[in-house]
Amino acid sequence: MNFKKYIKAVGTGPKGNKDLSIDEVSDAIEQILTNKATQAQIGAFLIAWRTKLETNDELKGTIIALRKFMKFKEVKDSIELGYSYDGRCENPFLFPLFENILEEFYKKNSDIRRLNLVISGDFLQPAKVGITTKEIFANIDKGQYIHFFDRVEYLKELSDITQLRHELGLRTAFNTVEKLLNPSLSEYGVTTAFHKPYVQKYLDIFASYFKEVVVVKASEGSPEVFKDGKFWKMQDGNIIEESFCLKDYGITYDKEFENITLEESLNIVKNPDEQILKLAKFNVALYLLFSKRVASLDEAWQRLN
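Residues numbered from 1 in each chain as written. Predicted model: local features only at pLDDT ≥ 70, side-chain atom pairs only at ≥ 80, totals over all residues. Heavy atoms only, no water.

Draft legend 1. The arrangement of the overall build of the protein in detail. Regarding its fold elements, the protein presents 14 helices and seven strands. For the protein, whose C-alpha radius of gyration is 20 Å, the value lies close to the compact-globule estimate of 19 Å for 305 residues. Oriented by its inertia axes, the alpha-carbon framework of the protein measures out at about 60 × 45 × 35 Å. Here the analysis covers contacts within the protein between residues at least 6 apart in sequence; of these, 73% occur between residues at least 24 apart. (Helix = DSSP H or I, 4+ residues; strand = E, 2+ residues; numbered from the N terminus. Rg over C-alpha atoms; globule rule 2.2 N^0.38 Å. Contact = heavy atoms within 4.5 Å.)

Draft legend 2. Summary view of the domain arrangement of the protein. Split into domains, the protein comes out as domain 1 (3-69) and domain 2 (78-304). On a C-alpha basis, the centres of domain 1 and domain 2 stand 28 Å from each other. Residue-level contacts link 20 residues of domain 1 with 23 residues of domain 2. Buried area between domain 1 and domain 2, summed over both chains or domains, comes out near 2,100 Å², and the portion from carbon and sulfur atoms is 69%. When the buried surface of domain 1 facing domain 2 is broken down by residue, R50, I63 and R67 rank first, second and third, together holding 28% of it. At the junction of domain 1 and domain 2, the tally comes to one salt bridge. With a closest N to O distance of 3.1 Å, D204 and K60 form a salt bridge. Where domain 1 touches domain 2, the interface holds five residue pairs in polar contact (both at pLDDT 80 or more). When residues of the side of domain 1 that touches domain 2 are traced back to their parent elements, those giving at least two are α2 (22-33), α3 (39-52) and α4 (56-69). (Domains from an automatic or database assignment. Buried area = accessible area lost by both parts, 1.4 Å probe. Salt bridge = Lys/Arg side-chain N within 4 Å of Asp/Glu carboxyl O. Polar contact = N/O pair within 3.5 Å; in protein donor to acceptor, adjacent residues only side chain to side chain.)

Draft legend 3. Up close: the pairing of strand β6 (residues 229-235). Direction of pairing for strand β5 (residues 212-216) relative to β6: antiparallel, over a ladder of three bridges. When the bridges of β6 are listed, V214 appears paired with K233. Note that β6 and strand β7 (residues 238-244) share seven bridges and pair antiparallel. Following the sheet pairing, G229 is matched in β7 by F244. Two successive antiparallel strands, β6 and β7, enclose a turn made up of two residues, where D236 displays a positive phi of approximately 55°. (Pairing = 2+ DSSP bridges.)

Draft legend 4. Here's a closer look at the nonpolar core. In terms of nonpolar packing, the biggest core is built from 54 residues, with L81, F98, L117, F282, Y287, L288 and F290 touching the most fellow members. Filtering out sequence-adjacent residues up to four positions away, F98 remains in contact with L81, Y83, L117, I146, E224, A280, N283, V284 and Y287. (Core = buried A, V, L, I, M, F, W, Y, C linked by side-chain atoms within 4.5 Å. Buried < 20%, exposed > 50% of the residue type's maximum accessible area, 1.4 Å probe, protein only.)

Draft legend 5. Layout of the pattern of salt bridges. Evaluation of the coordinates by the stated rule reveals 24 salt bridges. We note a salt bridge from E30 to K68, for which the minimum N-O separation is 2.8 Å. Of this pair, E30 sits in helix α2 while K68 is found in helix α4, placing the two residues 38 residues apart along the sequence. On the accessibility criterion, E30 (24% relative accessible area) is partly exposed. Residue K68 is classed as exposed on the basis of its relative accessible area of 55%. The shortest N-O distance in the salt bridge between E178 and R165 comes to 3.0 Å. You can see E178 sitting in the loop between α10 (173-177) and β4 (188-192) and its partner R165 sitting in helix α9 (residues 162-168), a full 13 residues away along the chain. Looking at E178, the relative accessible area reads 1%, which means it is buried. Of the residues examined, R165 reaches a relative accessible area of 1% and is grouped as buried. Taken together, the salt bridges that share partners define one network made up of D122, R151, R165 and E178.

Draft legend 6. How the structure looks around the UniProt feature "domain: Glycosyl transferase family" (unreviewed entry) in the protein. Per the UniProt record, the feature "domain: Glycosyl transferase family" (unreviewed entry) sits at residues 133-304. Counting secondary structure, residues 133-304 comes out at 40% helix and 17% strand; the distance between its end C-alpha atoms is 25 Å. (UniProt positions renumbered as here; feature names shortened; annotations may be inferred.)

Draft legend 7. Fine view of the UniProt feature "domain: Glycosyl transferase family 3 N-terminal" (unreviewed entry) in the protein. Here the UniProt-annotated "domain: Glycosyl transferase family 3 N-terminal" (unreviewed entry) positions come out as residues 4-69. Strand forms 0% of residues 4-69 and helix 73%; the C-alpha atoms that close the span are 23 Å apart.

Draft legend 8. Main features of the side chain of E220. Residue position: E220 is located in the loop between β5 and β6. Among the polar contacts made by the side chain of E220, one reaches the main-chain amide nitrogen of C89 at a distance of 2.5 Å. Among the polar contacts made by the side chain of E220, one reaches the main-chain amide nitrogen of E90 at a distance of 3.0 Å.

Draft legend 9. Representation of the side chain of T191. Tracing the chain through its elements places T191 in strand β4. There is a polar contact of 3.2 Å between the side chain of T191 and the backbone oxygen of G82. In contact with T191, other than residues within four places in its own chain, are G82, K179, L180, Y202, V214, V215 and V216.

Draft legend 10. Fine view of α3. With 14 residues, α3 should cover 20 Å at 1.5 Å per step; its first-to-last C-alpha distance of 20 Å lies within 8% of that length. Residues Q41, I42, G43, F45, L46, A48, W49, R50 and K52 constitute the buried set of α3. After α3 finishes, the residue L53 shows a positive phi value of roughly 85°. (Expected span 1.5 Å × (residues − 1).)

Laid out in structure tokens, this is it:
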């Protein structure tokens, strides 16, 4: 279809806008990724579409289109950790600590099926400025339990519109779907939502690509927990909610940065204090639970300690 028709569909105004079908939005995204639409048309479409508010079917169509261009490499026995691509400002990244934690865990718990952690990254995307998973991985040693997927390699077409997205300077549908595209064909996926309406949305749009998806309440678009929170999953067609309190696990962490630097983040995990280590262990405990390696969070915590 002529791309102008898609712009008209989402950008006419409240009385004239119409939702696109899965096939229509899939075609629109393919035209964007193959540069069949001009930069001006792409910008107009993304802004208008965001203003209209994307439906779940439209987001599903976006994922379908993106996956047509992706290069997949299976990581068996894995869970994908769905980090945001728009950077982190308030807390360090904890995942560099997960490698040693898992290594020690499996020395003592050989009865538990192996768990690999998959993280994707790319150049910084809007809508804020911060450090990225890609920058962290460029500065840490590779291990056997943590696997990094660079979007420049597995979905170059989307990475290539980074400059345009920065020129727009706001969130688009890509911010919503890019966190859990599953290039590793992982069985399980976990991402985060700060606003509850997104819980249902994420569980719906990503369900087809995982055995199970979990949404955890965490900050800065990251499935790393720094405070008390909740997580949600779908069970028998209903959303199940469970809460956790860090103090129940002997964790007291209240630090927060205004604009943490790459150097600061790396230094914290290279020289971790007791509370940071406990916090990192607690996050691994969550991933062991989310991937059904253990029956409860308490079991995961006891085995880790």
